[in-house]
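Read off the chains here:
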There are 2 protein chains.
Amino acid sequence: MVESGARAPRADAQRNYERILDVARTVIEEQGTQASLRDVARRSGVGLGTLYRHFPSRDALLEALLRRRFDHLAERAEVLADSCPPWEALTRWLDEFVAGAGRYRGLPESIMATLRDDDSPLHAACLGMRRSGGALLQRAQLAGQVRADVTAVDLFALANAVGWIAEQDPALTGRREHLLALVLDGLGARPRQA
Amino acid sequence: MVESGARAPRADAQRNYERILDVARTVIEEQGTQASLRDVARRSGVGLGTLYRHFPSRDALLEALLRRRFDHLAERAEVLADSCPPWEALTRWLDEFVAGAGRYRGLPESIMATLRDDDSPLHAACLGMRRSGGALLQRAQLAGQVRADVTAVDLFALANAVGWIAEQDPALTGRREHLLALVLDGLGARPRQA
DNA sequence: ACCTGAACACCGTTCAAGT
DNA sequence: ACCTGAACACCGTTCAAGT
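The residue count restarts for each chain, going from 1 along the sequence in the order it is written. Chain letters start at A and ligand numbers start at 1, both assigned in the order the entries are written. Local features are withheld for residues below a pLDDT of 70 in this predicted model, meaning they are given only at 70 or higher, and side-chain atom pairs are given and counted only at 80 or more; totals for whole chains, interfaces and linings count all residues. Excluded from the side-chain calculation are hydrogens and water; included are all heavy atoms of the structure.

A. Examining the interface of chain A and chain B more closely. Counting residues at the interface gives 29 residues for chain A and 30 residues for chain B. By definition, the buried area sums, over both parts, the 1.4 Å-probe accessible area that each loses when the two are put together. Taken together, the two surfaces of chain A and chain B that pack against each other cover about 2800 Å², and 62% of this comes from carbon and sulfur. Criterion for a salt bridge: a side-chain nitrogen of Lys or Arg within 4 Å of a carboxyl oxygen of Asp or Glu. Across the chain A-chain B interface, the total number found is four salt bridges. With its nearest N and O atoms 2.6 Å apart, the salt bridge here joins A:R175 to B:D154. Counting from the N terminus, the helices are DSSP H or I runs at least four residues long and the strands are E runs at least two residues long. If you list the elements that add at least two residues to the side of chain A that touches chain B, you get α6 (107-116), α8 (152-166), α9 (170-173) and α10 (176-187) of chain A. Broken down by element, the side of chain A that touches chain B gets its largest block of residues, eight residues, from α8(A). Residue contacts are counted whenever heavy atoms from the two residues lie within 4.5 Å of one another.

Okay, here's the thing in structure tokens:
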């Protein structure tokens, strides 16, 4: 019983891990993805080194907070592909993505940074999410509903751009869906429904 | 001759002002609008307090670098209105705006921050620039070439969103015009040219 | 009138010392 | 095995002291 493959973490370590994660969620909700890690450690009642031991980088913390959601969105694309017509599946998925990207201030920027950085612990999940959206895009393009000169990179970028701009001005936050709809409309093949 | 309204600045002060501005342009080209002001002072060979005396805030420095350009773009809108058909005037102006916003990394974000902050020395110039673009938008809408549910705030925001996303990924920087074209296409009234 | 740089209040990150 | 917090190298901003 002593050696069971991966050893169970010490009880205090586990408590710290969970406490830090809880506090981080709160602090990042308040201050955005660029929140002060010192503040997280302070409010967790934990030394700064302890935070870095459990989460060696800001992205590691973000991964713990967002990994599930990103993976969920990747799967969600497949569900939508099976249950909706091409254009509707695509726009619904993008609506959900952009709503999620609006959860924390700074998240669209973090997502783009993560895609740039092979070493980020969130890199693979982001790529996977983008690829899933890309499948919906391709499906809509094959159906002739989206212009052919749009790539998955373009599409994902534009969705993040909308998420970003919505957080730059209080007057725009409420118009996020409207802005996304405008952009998506531009991607539609010319004669779509009129 | 002693009092001629506004006194001429001391020669050393004027030299410092110009030196700081020159260096700031270089440093901001290198590091973006969030460049280290300490670094600017250091490389100007000037005390940190001297920088703050001449430019009491980061925006003051940005104003000195960008004011002309912003005012120029405002006037440019009138020229285009007089020399081009509505849709072409609008898209050309936006092309020029987005190209300018791509001059310094971080500029789209600074522009949006400036619009939010009444006290920024660039606030008025930004508002004026947006208003000028808005006039071109209205003209295109009156001509039935742009959908009616787009506001000047939406349009300016989307242009900045495209400028921002283009700097988030090297692969996108070269596709700035393409992304802008996609978005503008979405703003076009449905049956525009076939 | 203008310049200087120390001082203050913050960061992120690392790591020797403790338990 | 894990935790702690001082230490290091940076910020932006202010301001007393100098010339």
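B. Main features of the packing of aromatic side chains. Centres within 6.5 Å are what make two rings of Phe, Tyr or Trp a pair, Trp counting through its six-membered ring; a difference in plane orientation under 30 degrees is then read as stacked, over 60 as edge-to-face, and the rest as tilted. For the structure shown, the criterion picks out seven aromatic pairs over all chains. An angle of 10 degrees between the planes, with centres 6.0 Å apart, marks the rings of B:W93 and B:F97 as stacked. Linking B:W93 with B:F97, this pair stays in helix α5 (residues 86-101), spanning four residues, or about one helical turn. Judged on exposure class, the residue B:W93 and its partner B:F97 are both buried. Of the aromatic side chains, those joined through ring pairs into one cluster are A:W93, A:F97 and A:F156. Categorising residues by exposure relies on relative accessible area from a 1.4 Å probe, with only protein chains included: less than 20% of the type maximum marks a residue as buried, more than 50% marks it as exposed, and the intermediate range marks it as partly exposed.

C. Region of the structure containing the protein's contact with DNA strand D. Being near a molecule or strand, for a residue, comes down to having at least one heavy atom within 4 Å of it. Near DNA strand D, the surroundings consist of 21 residues, among which A:N16, A:G47, A:T50, B:R38 and B:Y52 are the closest. Take the atoms of DNA strand D that sit within 4 Å of the protein: sugar and phosphate atoms are 58% of them. Backbone polar atom of B:L37 to a phosphate oxygen of DNA strand D: 3.1 Å apart, as the coordinates give it. Between DNA strand D and B:Y52 there is a distance of 2.8 Å, counted from a phosphate oxygen to a side-chain nitrogen or oxygen. Of all the elements in the fold, those that place two or more residues in the surface near DNA strand D are α1 (11-31) and α3 (48-54) of chain A together with α2 (37-44) and α3 (48-54) of chain B. Examining the composition of the surface near DNA strand D, we find that five residues originate from one element, α3(A), more than from any other. The residue inventory of the surface near DNA strand D, partitioned by class, reads seven nonpolar, seven polar and seven charged. For this analysis, a polar contact is any N or O atom pair within 3.5 Å, provided that within protein one partner can donate a hydrogen and the other can accept it, and provided that sequence-adjacent residues contribute only side-chain to side-chain pairs. Here the nonpolar group is Ala, Val, Leu, Ile, Met, Phe, Trp, Tyr, Cys and Pro; Asp, Glu, Lys and Arg are the charged ones; every other residue, Gly included, is treated as polar.

D. Inspection of the layout of surface pockets at higher detail. Space inside and on the surface of the protein is sampled on a 1 Å grid over the protein atoms alone, with a cavity defined as a set of points where a 1.4 Å probe fits but cannot get out and a pocket as an open set with protein on both sides within 12 Å along at least 5 of 7 lines; lining residues have an atom within 4 Å of a point. Grid points are joined across faces, edges and corners, and a volume is the space filled by probe spheres set on the points. Approximately 270 Å³ is the volume found for the largest pocket. Residue lining of the largest pocket: 13 residues in total, with A:R105, A:G106, A:E167, A:Q168 and B:E109 positioned closest to the centre. In terms of residue class, the lining of the largest pocket is made up of two nonpolar, six polar and five charged. Looking at the lining of the largest pocket, you find at least three residues from each of domain 1 (1-56) and domain 2 (57-187) of chain A. Quantified by volume, the second largest pocket comes out at close to 220 Å³. For the second largest pocket, the lining is made up of 14 residues, of which A:E109, B:R105, B:G106, B:E167 and B:Q168 are closest to its centre. Grouping the constituent residues of the lining of the second largest pocket by class yields two nonpolar, six polar and six charged. Throughout the structure description, domain borders are defined by an automatic or database domain assignment. Here the lining of the second largest pocket spans two domains, and each of domain 1 (1-56) and domain 2 (57-187) of chain B adds at least three residues to it.

E. Spotlight on the relation of the copies chain A and chain B. The two copies are related by a screw operation: chain A maps onto chain B through 180 degrees of rotation and 0.0 Å of translation along the axis, at an RMSD of 0.0 Å. Given the turn and translation reported, the copies of this chain are related as if by a two-fold rotation axis. Rotation axis and chain A: the residue whose C-alpha lies nearest the axis is A:G186, separated from it by 1.6 Å. A share of 100% of the interface residues of chain A reappears at the interface of chain B, consistent with the copies meeting face to face through the same patch. C-alpha atoms of residues with pLDDT of at least 70 in both copies form the basis for the least-squares superposition of the copies.

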